[in-house]
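# Summary of the model geometry
In case you want the letters, here they are:
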Amino acid sequence: MRLSRYFLPVLKETPKEAEIISHRLMLRAGMISQQAAGMYAWLPLGYKVLRKIQQIIEEEQNRAGAIELLMPTLQSADLWRESGRYEDYGKEMLRMQDRHERDMLYGPTNEEMITAIFRSSVRSYKDLPLNLYHIQWKFRDEIRPRFGTMRSREFLMKDAYSFDLSKEEAVKSYNRMFVAYLRTYWRMGLTAIPMRAETGPIGGDLSHEFIVLADTGESGVFCHADLLDTAIPSADVDFDGDLSSIVSDWTSLYAATEDMHDETEFDSKVPQDKRIAARGIEVGQVFYFGTKYSEPMGARVTGPDGKDTAVHMGSYGIGLTRIVPAIIEASHDDDGIVWPVSVAPFEVVLINLKSGDAQCDAANEKLYGQLHAAGLDALYDDRETGAGQKFATADLIGIPFQLIVGPRGLAAGEVEIKHRKTGERETIGVEDAVARLKALIEPERRDAA
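All values reported here derive from a predicted model rather than from experimental measurement.

About the criteria used
Position labels on residues start from 1 in each chain and follow its written sequence. Only residues with pLDDT of at least 70 get local features here, since the model is predicted, and only at 80 or more are side-chain atom pairs given and counted; chain-wide, interface and lining totals rely on the full set of residues. Water and hydrogen atoms were dropped before computing side-chain values, which therefore reflect all heavy atoms in the structure. The term nonpolar core refers to a set of buried residues drawn from Ala, Val, Leu, Ile, Met, Phe, Trp, Tyr and Cys, joined through side-chain atoms within 4.5 Å. We call a residue buried when its accessible area falls under 20% of the maximum for its residue type, exposed when it is over 50%, and partly exposed in between, using a 1.4 Å probe and counting protein chains only. Numbering of helices and strands starts at the N terminus; helices are DSSP runs of H or I of at least 4 residues and strands are runs of E of at least 2. Just so you know, the domain bounds were taken from an automatic or database domain assignment. Here a residue-residue contact requires only that any non-hydrogen atoms of the pair lie within 4.5 Å. By definition, the buried area sums, over both parts, the 1.4 Å-probe accessible area that each loses when the two are put together. Here, a salt bridge means any side-chain nitrogen of Lys or Arg that lies within 4 Å of a carboxyl oxygen of Asp or Glu. Polar contacts here mean pairs of N or O atoms no more than 3.5 Å apart (in protein, one a potential hydrogen donor and the other a potential acceptor; neighbouring residues in sequence count only if both atoms are side-chain atoms). Under the scheme applied here, ten amino acids are nonpolar (Ala, Val, Leu, Ile, Met, Phe, Trp, Tyr, Cys and Pro), four are charged (Asp, Glu, Lys and Arg), and all others, including Gly, are polar. Inter-axis angles, ranging from 0 to 180 degrees, are taken between N-to-C directions of lines fitted to C-alpha atoms, where helices are fitted over the stretch in contact. Angles are sorted into four bins: roughly parallel if under 35 degrees, roughly antiparallel if over 145, roughly perpendicular if 65 to 115, and oblique for all others. Helix crossings get a hand from a simple test, with the near helix turned counterclockwise from the far one by less than a right angle marking a left-handed crossing and a clockwise turn marking a right-handed one. In short, DSSP must find at least two bridges between two strands for them to pair. Paired rings are identified among Phe, Tyr and Trp, the last through its six-membered ring, by centres lying within 6.5 Å, and are further divided according to the angle between planes into stacked (under 30 degrees), edge-to-face (over 60) and tilted (the rest). Should the NZ of a Lys or the CZ of an Arg lie within 6 Å of a ring centre and within 35 degrees of the ring normal, that charge is described as sitting over the ring.

Another point: the nonpolar core. Membership of the largest hydrophobic core comes to 80 residues, with the highest contact counts inside it found for Met 31, Ile 53, Ile 323, Val 324 and Trp 339. With nine residues, helix α5 (residues 167–187) is the single largest residue contributor to this core. Formed jointly, this core draws a minimum of three residues from each of two domains, domain 1 (3–333) and domain 2 (346–444). Once you skip the residues sitting within four places of it in the chain, Val 324 turns out to touch Met 26, Met 31, Trp 42, Val 49, Leu 50, Ile 53 and Trp 339. Grouped together as the second largest cluster of nonpolar side chains are 26 residues, Met 93, Met 113, Leu 130 and Tyr 293 included.

And the structure:
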């Protein structure tokens, strides 16, 4: 992509309404544009990151055996009346009527709708276990939306819902999603700590939040230091096998959040030299809630004994539009964003230090073609602006590698590669530059696969 033809409305000044680093940087980098309180348009750079995050989530959900579908954003209030949640949910739910004066709502979550889909189609235990998921926009009318897309009113969520014959089988489904979440966040370059959590309006008695450690996080986090060194399950993990030992490795080491008032218990359970107190951002939550929805809504199957039984359910959410700022909060410096390769909007930015110079333009055009031929996702800054502005833009938007090409270097047959994360610079022959970048990027792609 040529930057001269791209839509990248970067800002020089930090908007006054932006309270946290990720909100400031997302606005300055031209990733989002606010349209109303808590509602944002995702501009090309931001949307590309969002799509890469979605792809990782889909790959890991599919790997774990979940099956993708898509449910509508609007739901019938009658479904929520069946479950008993319609009057209880509160003002966060956006309620409306259609032209026939039927009560509708903009879905804040989908337990009722997926239960209705299940009960209309599944009759036998032989069709279990089943896990269905979708990635869809949702709306919760937050009383105080803030922090950009970290706490917005409209947001993109991945919701998965599992159906099993018994609690024992449902916990196995829960464990599959738990392990899939560990892999998902790791592939995005995040350290996510699973914390036991309250279930809130979703219901049930088993839940974990996944918390990304970041200095500017909303919550205080207390965890055992060994959690940070616990191995992430590999890509060939057997999701049909017993995953309880993996879950135990992550949950037997004590972890808690400040809002659970567990600091005293944390001090008593964790050795002094193993205690970590940090800040964190919640990026997902998993729930087992048994028959909370299947009982009142009649989601039943015939068991092996010939009797009808209400299915046991779980739900598993990841906030995509929350993950983007969480990554930025965890990975930035004074100059801007520092993207991991796996979710970066581009892998390389090619910087032409003297656009308009025939020799320099020709060399950059050739390198640009070679980058694409090598399968590297490249942004070419071909604007006729000063080098300082180009460097500032490249650092701000956080592309992992910069390929810097100017007349002086070309005269010596050389170009420069800058590593955005470390600031390291290396000078290399023009003919070797693309191969070197490929060698730098491909291992990071493989590690995140």
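And the narrative resumes.
For the rest of this paragraph, the subject is the environment of Phe 239. Among the structural elements, Phe 239 can be located in the loop between β11 (219–224) and α6 (244–251). In this structure the C-alpha to C-alpha distance between Phe 239 and Ala 214, which are 25 residues apart in sequence, comes to 30 Å. Ignoring any residue separated from it by four or fewer positions in sequence, one finds Phe 239 in contact with Arg 63, Ala 64, Arg 176, Val 179 and Ala 180.

Before going further, it helps to examine the domain arrangement of the chain. Here the chain is described as being made up of domain 1 (3–333) and domain 2 (346–444). Of note, the centres of domain 1 and domain 2, computed from C-alpha atoms alone, are 38 Å apart. Domain 1 puts 12 residues into the contact, and the matching count from domain 2 is 11 residues. Here domain 1 packs against domain 2, burying approximately 1100 Å² in sum over the two surfaces, 63% of which is carbon and sulfur. Between domain 1 and domain 2 we count three salt bridges in total. The interface formed by domain 1 and domain 2 holds four residue pairs in polar contact (both at pLDDT 80 or more) in total. For the side of domain 1 that touches domain 2, the secondary-structure elements that each account for two or more residues are α1 (21–28) and α2 (44–63). Considering each element in turn, the side of domain 1 that touches domain 2 owes the most residues, three residues, to α2. A breakdown of the residues in the side of domain 1 that touches domain 2 according to their chemical character gives seven nonpolar, one polar and four charged.

Glancing now at the packing of α5 against α6. Between α5 and α6, whose axes approach to 9 Å, the crossing angle comes to 60°. By the angle between their axes, α5 is oblique relative to α6. Two packed elements cross with a definite hand, and for α5 against α6 that hand is left-handed. Side by side, α5 and α6 meet where Asn 175, Phe 178, Val 179 and Leu 182 of the first sit next to Ser 244, Ile 246, Val 247, Trp 250 and Thr 251 of the second. For the contact of α5 with α6, a count of residues per class yields six nonpolar, three polar and no charged.

This next bit is on the sheet that holds strand β20 (residues 378–381). The strand order β20-β19-β21-β22-β23 describes an open sheet built from five strands, whose pairing is mixed. A single partner strand is all that each edge strand has here, and the edge strands are β20 and β23 (425–429). Neighbour-to-neighbour, the strand axes of this sheet turn through a mean angle of 25°, independent of strand direction. Alignment of strand β19 (residues 348–352) against β20, held across four bridges, turns out to be parallel. Bridge assignment links Ile 351 to a residue of β20, and that residue is Asp 381. Packing of helix α10 (residues 358–373) onto the sheet brings it into contact with β19, β20, β21 (401–405) and β22 (414–419), and relative to β19 it is tilted by some 170°.

For the rest of this paragraph, the subject is the pattern of salt bridges. Evaluation of the coordinates by the stated rule reveals 30 salt bridges. Between Arg 63 and Glu 60 there is a salt bridge; the shortest N-O distance is 3.1 Å. Here Glu 60 and Arg 63 lie together in helix α2, a separation of three residues that amounts to about one turn. Of the charged contacts, one joins Arg 85 and Glu 111 as a salt bridge, the two residues approaching to 3.1 Å between their closest N and O atoms.

This next bit is on the pairing of strand β16 (residues 312–319). In terms of burial, β16 is a largely internal element, eight of the eight residues being buried. The two faces of β16 match: His 312, Gly 314, Tyr 316 and Ile 318 on one face and Met 313, Ser 315, Gly 317 and Gly 319 on the other face are all buried. By the bridge criterion, six bridges tie strand β13 (residues 275–290) to β16 in an arrangement that is antiparallel. Looking at β16, one finds that Gly 290 is bridged to Met 313.

Evaluation of the coordinates by the stated rule reveals 11 aromatic pairs. When the ring of Trp 80 is compared with that of Tyr 89, the centres are 5.5 Å apart and the planes differ by 85°; the resulting orientation is edge-to-face. Judged on exposure class, the residue Trp 80 and its partner Tyr 89 are both buried. Ring geometry for Phe 289 against Tyr 293: centres 4.9 Å apart, planes inclined by 75°, an arrangement best described as edge-to-face. Aromatic rings pair up to connect Phe 178, Tyr 181, Tyr 185 and Phe 210 into one cluster. Note that Arg 95 overlies the ring of Tyr 86, its terminal NZ or CZ placed 4.8 Å from the centroid. Directly above the aromatic system of Phe 391 lies the positively charged group of Arg 425, at a separation of 5.9 Å from the ring centroid.

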